[in-house]
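# Structural description and commentary
Take a look at the letters that make up each chain.
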Amino acid sequence: MSDHIRTRHEGGVLEVVIDRPKANAIDLATSRALGLIFRDFRDDPALRVAIVSGAGEKFFCAGWDLKAAASGDAVDGDYGVGGFGGLQELRDLNKPVISAINGICCGGGLEIALSTDLILAAEHATFALPEIRSGTVADAASIKLPKRIPYHIAMDMLLTGRWLDVHEAHRWGFVNEVLPAERLMERAWELARLLESGPPLVYAAIKEIVREAEGSTFQTAMNKVTKRQFATVDRLYSSEDQLEGARAFAEKRSPIWKGK
């Protein structure tokens, strides 16, 4: 697939590590490879949760590889399925994805993190959108970040390119947990195994509802849920898992989720 991406899976958990020294920056080829990995993760019923991280202790991902751009990679080139980094535009990704931020997370690297569902970060992690300094726009972050954190903080990051330490990022709410570096991956796997044990059809419905509701009114989204117009909701309400959840509650036991 790529010499710059390492993957492993245990049970239903897939770990994806960007390993492209020295900054884990992403060129077009690496982006396309990540897209194929996350597409296969989406489509494999045996895989339920993904973790994405960066190799080493200094960088999660520095984003777009400006050296590759200087050598001919077009900033609007073919990033592959899923867009830049394989996650930002991947359609129908209805499984949880955790990012484990092990260092510098900037530019497109931060955009990848914002495309995940849960963000864990080491105590030395830092965050920025420095695109303004290289004469380009943090396009995905310009769309997503003002919806995730206070508008004026997002605009501060976008307009000045200033750096946030992990504690400020946590304070503004786009980092879920701050951890000692040596505990980061342990905690990521702990959380992934918790999610792996959960109901995959419910997770799928949650992700579709949240994603689709972002661009609609509350009532429109609620009507689509109650009328089973979301494919994931319709599947859930007709599933064995829906019945299993009710039976397990009535019988005071842990449910056994089959994903069907």
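Think of each chain on its own: its residues are numbered from 1, step by step along the sequence as written. Restriction of local features to residues with pLDDT of at least 70 applies here, the model being predicted, together with a cutoff of 80 or more for giving and counting side-chain atom pairs; totals for whole chains, interfaces and linings are based on all residues. In computing side-chain values, all of the structure's heavy atoms are included and hydrogens and water are not.

## Quick word on the packing of aromatic side chains
The description of two aromatic rings rests on the distance between their centres and on the angle between their planes. Heads up, the condition is: Aromatic rings from Phe, Tyr and Trp, with only the six-membered ring used for Trp, were paired whenever their centres fell within 6.5 Å, and each pair was classed as stacked if the ring planes differed by under 30 degrees, edge-to-face if by over 60, and tilted otherwise. Here a helix means four or more residues in a row that DSSP labels H or I, a strand means two or more in a row labelled E, and each is numbered from the N terminus. Any residue under 20% of the maximum accessible area for its type is buried, any over 50% is exposed, and the rest in between are partly exposed; the area is computed with a 1.4 Å probe on protein chains only.
Per the counting criterion, the structure on display carries 3 aromatic pairs. When the centroid spacing of 5.7 Å and the interplanar angle of 80 degrees are considered together, the rings of Trp64 and Tyr79 count as edge-to-face. One end of the pair, Trp64, is in the loop between β4 (59-61) and α2 (66-70); the other, Tyr79, is in the loop between α2 and β5 (97-101), with 15 residues separating them in the sequence. Here Trp64 matches Tyr79 in class, with each residue buried. Residues Phe127 and Phe174 carry aromatic rings whose centres are separated by 5.5 Å and whose planes lie at 90 degrees to one another, so their mutual orientation is edge-to-face. Here Phe127, found in strand β8 (residues 126-128), pairs with Phe174, found in the loop between α6 (166-172) and β10 (177-179); they are 47 residues apart in sequence, far enough to count as distant. Residue classification places Phe174 among the buried positions, given a relative accessible area of 5%.

## Digging into the nonpolar core
Just so we agree on the cut-off: Among the buried residues, those of types Ala, Val, Leu, Ile, Met, Phe, Trp, Tyr and Cys that are joined through side-chain atoms within 4.5 Å form a nonpolar core.
Core analysis: the largest hydrophobic core is formed by 47 residues, its most contacted members being Ile101, Leu110, Phe127, Leu129, Met157 and Phe174. The leading source of residues in this core is helix α1 (residues 28-43), at 6 residues. Listed in part, the 15 residues of the second largest apolar core include Ala188, Leu191, Ala192 and Tyr203.

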